[in-house]
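Survey of secondary and tertiary structure
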Amino acid sequence: MQAEAATIEPTEASELIRRAAALIFDVDGTLAETEELHRQAFNRAFVRHGLDWHWDRAVYKDLLRVTGGKERIRAYHGRQEIAPPLSDADIAELHRVKTAHYAELIETGCCPLRPGVTDLLTAAKARGQRLAIATTTSHGNIDALLSRALGMRWTADFDAIVAGDDVRCKKPAPDVYLEVLARLKLEASDCVAIEDSANGLIAASRANIPVLITRSMFFRDDDFRAARVVLDDLSGLG
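Residues numbered from 1 in each chain as written. Predicted model: local features only at pLDDT ≥ 70, side-chain atom pairs only at ≥ 80, totals over all residues. Heavy atoms only, no water.

In terms of nonpolar packing, the biggest core is built from 37 residues, with Leu 23, Phe 25 and Leu 212 touching the most fellow members. Discounting residues that sit within four places of it in the chain, Leu 23 has contacts with Ile 17, Leu 120, Ala 124, Gln 129, Arg 130, Leu 131, Ala 132 and Val 192. Of all hydrophobic cores here, the second largest spans 25 residues; its members include Val 167, Cys 191, Ala 207 and Ile 213. (Core = buried A, V, L, I, M, F, W, Y, C linked by side-chain atoms within 4.5 Å. Buried < 20%, exposed > 50% of the residue type's maximum accessible area, 1.4 Å probe, protein only. Contact = heavy atoms within 4.5 Å.)

Here the focus is helix α5 (residues 88-107). Its 20 residues give α5 an end-to-end C-alpha distance of 29 Å, which sits within 8% of 28 Å, the value for a rise of 1.5 Å per residue. Turning to α5, its buried residues are Ile 91, Leu 94, His 95, Val 97, Lys 98, Thr 99, His 101, Tyr 102, Leu 105 and Ile 106. A positive phi of about 80° marks Gly 109, the residue just after α5. (Helix = DSSP H or I, 4+ residues; strand = E, 2+ residues; numbered from the N terminus. Expected span 1.5 Å × (residues − 1).)

To continue, consider the state of the cysteines. If you walk through the whole model with that rule in mind, you get 0 disulfides. No disulfide involves Cys 110; its nearest neighbouring cysteine sulfur is the one of Cys 111, lying 6.0 Å away. The exposure class of Cys 110 is partly exposed, given its relative accessible area of 46%. (Disulfide = S-S within 2.5 Å.)

Pairing is parallel in the open sheet, where 6 strands are placed in the order β3-β2-β1-β4-β5-β6. Single-partner strands in this sheet number two, and they are β3 (160-162) and β6 (229-231). Across the sheet, the mean angle from the axis of one strand to that of its neighbour is 20°, orientation sign disregarded. Inspection of the sheet shows strand β4 (residues 191-195) paired to strand β5 (residues 211-214) by 3 bridges, in the parallel sense. (Pairing = 2+ DSSP bridges. Axes fitted to C-alpha atoms, helices over the stretch in contact; angles between N-to-C directions.)

Here we take up the confidence of the model for the chain. Scored by pLDDT, the chain has a mean of 93; 96% of the residues are at 70 or more. Here residues 1-7 is modelled with pLDDT under 50, and outside its nearest four sequence neighbours on either side it reaches 15 contacts, counting other chains as well. (pLDDT = per-residue confidence, 0-100.)

As a further point, take helix α4 (residues 69-79). Taken together, the buried positions of α4 are Gly 69, Arg 72, Ile 73, Tyr 76 and His 77. Taken around the axis of α4, the buried residues stretch over an arc of 130°, which confines them to a single face. Those residues of α4 hidden inside the fold are in contact with α2 (35-48), α3 (57-63) and α5. (Arc of directions from axis to C-beta.)

Structure below.
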């Protein structure tokens, strides 16, 4: 069992949030519990491509240590010693099909935003705080989720949206956070990163941004000792 960061009182967490000039959100697991839908979408794509692969929850939890969908496919393929080779083009096409299946699942309305997220976004805008996204997922996946949850014009509420393909290295590298800071023209200490995983915590910490963790389904046992705050969800922070 991993050692945990000491949680702090919700009032203290709220103060940390209110003092920030900008809130920077991860997406998968943080804004919504999307990882189970990603897992299902991967498995549908494997069937469509005739691959004898199936990622159950235990396998997928392990693969989530690899950030990025294409990277995850490549890592799993590398473990299949007798598997026929998959080219970069094959992996890209497989990931494209997976993304389409993910969008179809999101469109059913089965994946609402996590508790407290909508209230926090609304309150932050009312306070004049800036909002940003720093994620390893793709722009297509972000749009599929937030168009459904926040409406088709959701991007107008965010001053910076940086996805995995926008930077050279994905989390736990700090690249997405450094790019967000550059676009916002803010110091790291002026922001709070809201994450759900150890990789996200490491990425934001390497960019010197204070981190609030909201525990999620697949990463509840991660080591969050470096976080400023560890909560079960974002309820009451609005």
